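The primary structure of each chain is shown beneath.
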Amino acid sequence: MKTAYAKLIVFIFMIFILSFISYTARNVLISKYDGTVFSFVTIDYVKNTGAAFSLFQTHTVLLIILSVIVLAILLYLIFANIKKLKYSDLILYAFMLAGVFCNLFERIFDGFVTDYIKLNFVTFPIFNLSDVFINIGAFLVICNILFNNEYKKDR
């Protein structure tokens, strides 16, 4: 039982830290570096009322509802399996949850998500640190499921 509480504390701490990093990055980068061009990255302030690649631009309520559903499903899966999950798994889920939570928070309180990272070496939409957290977490969870022997034993 103590292990489950320790895992929960690590999980909550990771979400808090990642959320703080994302929020701070948004505010510091935009206020101090908006328009600054670094060698491979430009900091550009963009209000994104849509989702990935600016999809669903006029459907903010739908995006809020979908984000809440994703948060609820992820939290249910985590709490239902907290005793079985390794710390590394919790960190991967924390990345995804922090990203979804930060984007959801912005969407609810600002009406849009702030995107600010533009890659200069490829043609790619402007994104934010929360998007990076979501993608890293999702990619690593998928890799973990595909390549981890523990998941294969359950089948």
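Residues numbered from 1 in each chain as written. Predicted model: local features only at pLDDT ≥ 70, side-chain atom pairs only at ≥ 80, totals over all residues. Heavy atoms only, no water.

A closer look at the packing of aromatic side chains
Each aromatic ring pair is summarised here by two numbers: the centre-to-centre distance and the angle between the ring planes. Scanning all chains against the criterion turns up six aromatic pairs. Consider the rings of Phe-105 and Phe-109, whose centres lie 4.6 Å apart with planes at 45°: the pair is tilted. Of this pair, Phe-105 and Phe-109 both sit in helix 3 (residues 87-110), four residues apart, which is roughly one turn of the helix. Given the relative accessible area of 59%, Phe-109 is considered exposed. Joined through ring pairs, the aromatic side chains of Phe-101, Phe-105 and Phe-109 make up one cluster. (Phe/Tyr/Trp six-rings, centres within 6.5 Å; stacked < 30°, edge-to-face > 60°. Helix = DSSP H or I, 4+ residues; strand = E, 2+ residues; numbered from the N terminus. Buried < 20%, exposed > 50% of the residue type's maximum accessible area, 1.4 Å probe, protein only.)

Notes on the nonpolar core
Phe-11, Leu-18, Ile-78, Tyr-93, Leu-97 and Tyr-116 are the most contacted members of the largest nonpolar core, which totals 31 residues. For this core, the secondary structure elements donating two or more residues are helix 1 (2-33), strand 1 (41-48), helix 2 (60-80), helix 3, strand 2 (113-119) and helix 4 (129-147). Top element by residues in this core is helix 3. It accounts for ten residues. (Core = buried A, V, L, I, M, F, W, Y, C linked by side-chain atoms within 4.5 Å.)

Structural notes on the pattern of salt bridges
Evaluation of the coordinates by the stated rule reveals two salt bridges. Here Glu-106 makes a salt bridge to Arg-26, at a shortest N to O gap of 3.8 Å. You can see Glu-106 sitting in helix 3 and its partner Arg-26 sitting in helix 1, a full 80 residues away along the chain. With its nearest N and O atoms 2.8 Å apart, the salt bridge here joins Asp-110 to Arg-26. (Salt bridge = Lys/Arg side-chain N within 4 Å of Asp/Glu carboxyl O.)

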